[in-house]
Every structure is written in structure tokens, then in C-alpha cells.
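Here are the chains, one letter per residue:
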Amino acid sequence: MSADRTAAGPASPAIDPRIEELRLSVDALDRRIVALLAERTAVVRELTGFKRDEETVRSPGRVEQVVAKVRGLADEHGMPPGIAEATYRTLIDELTGMQMVLLEERRAAAAAAAAGSAAAAGEGP
């Protein structure tokens, strides 16, 4: 080990205190953003109960409407619209996947209930 290095490694350059303040601000914003995303996810989960098929889950027209809206909101707030669009397209893709799983689970439960009712009525195989 050279004389200018300690056992802990090379000395770190001093970090500007403002960097730490800004990082703390980013951390606080992340907590708020995730809380809002969780709230949005809960609303989408409830909304899924009203959807009956893949077409209503995917709703491409609604997707484009939401993307256009968030691009405009981003622009109003001085944020590059492409960041908002990319973020929302990812969010929508993930939530669509969640909705498809919920839809399939609901269909499977309904099919199982129907099969159980038919078997109870003596109509089963």
C-alpha cells in the first residue's frame, strides 16, 4: 500500500454541502412521487373491476389521451415532455399488465364458480 492511501482507501474529495441538501430534496420528492403512484395504482386496480375484456383494459385511445395530457403538463411546468411521456408509457405498460392479471383472475374465479354451481346442481361431468 502506498504512503498516500489509508486502509480505508483513497481520501474522498470534499462534497459541497449543497449537493447533500439537493439529494435530500430528491429523496423527499421520491417519497411523495411513490406515494402518489401507489394512490394512482389503487384507483386503476378499482377501475379494473369495471372492465370486462382486454380491449377495455388496453384502451389505446385513452393511453394516447393520457400521454398528450402529461406532455402538456410537463411543458407547463418547464419539464422536458419526453421525460413525462417515457415515464407514463412505462407506468401505463406496467399497470396494463397488472390489469390483465386481475382480469384473468376474475375470469378464472367466475369460471370456477360456474363450474361449482353446475356440479352442485348435478349438471357436471
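Check the entry above for the structure.
None of these values were measured; they are calculated from a predicted model.

Describing the overall build of the chain
The number of helices and strands found in the chain is four helices and zero strands. In the chain, the order of α-helices and β-strands from amino to carboxyl end is α-α-α-α. Taken as a whole, the chain presents about 9,500 Å² of accessible surface, with 61% of it coming from carbon and sulfur.

Comments concerning unusual backbone geometry
Unusually for a residue other than glycine, Ser59 sits at a positive phi of about 30 degrees. Owing to a relative accessible area of 21%, Ser59 belongs among the partly exposed residues under this scheme.

Notes on the pattern of salt bridges
Under the defined criterion, the tally for this structure stands at six salt bridges. Between Arg89 and Glu64 there is a salt bridge, with its nearest N and O atoms 2.9 Å apart. Residue Arg89 is found in helix H4 (residues 81-120), and its partner Glu64 is found in helix H3 (residues 60-76); the two are separated by 25 residues along the sequence. Relative accessible area serves as the criterion here: at 29%, Arg89 is assigned to the partly exposed category. Two residues, Glu85 and Arg71, come together in a salt bridge whose shortest N-O distance is 2.7 Å. In this pair, Glu85 is assigned in helix H4 and Arg71 in helix H3, connecting sequence segments 14 residues apart. For Arg71, a relative accessible area of 33% corresponds to the partly exposed category. Linked through salt bridges whose partners overlap, the residues forming this network are Glu64, Arg71, Glu85 and Arg89.

About the thresholds
- Residues numbered from 1 in each chain as written.
- Predicted model: local features only at pLDDT ≥ 70, side-chain atom pairs only at ≥ 80, totals over all residues.
- Heavy atoms only, no water.
- Helix = DSSP H or I, 4+ residues; strand = E, 2+ residues; numbered from the N terminus.
- Areas by Shrake-Rupley, 256 points an atom, 1.4 Å probe, with all protein chains shown as cover.
- Buried < 20%, exposed > 50% of the residue type's maximum accessible area, 1.4 Å probe, protein only.
- Salt bridge = Lys/Arg side-chain N within 4 Å of Asp/Glu carboxyl O.

This is a description of form; function is not addressed.
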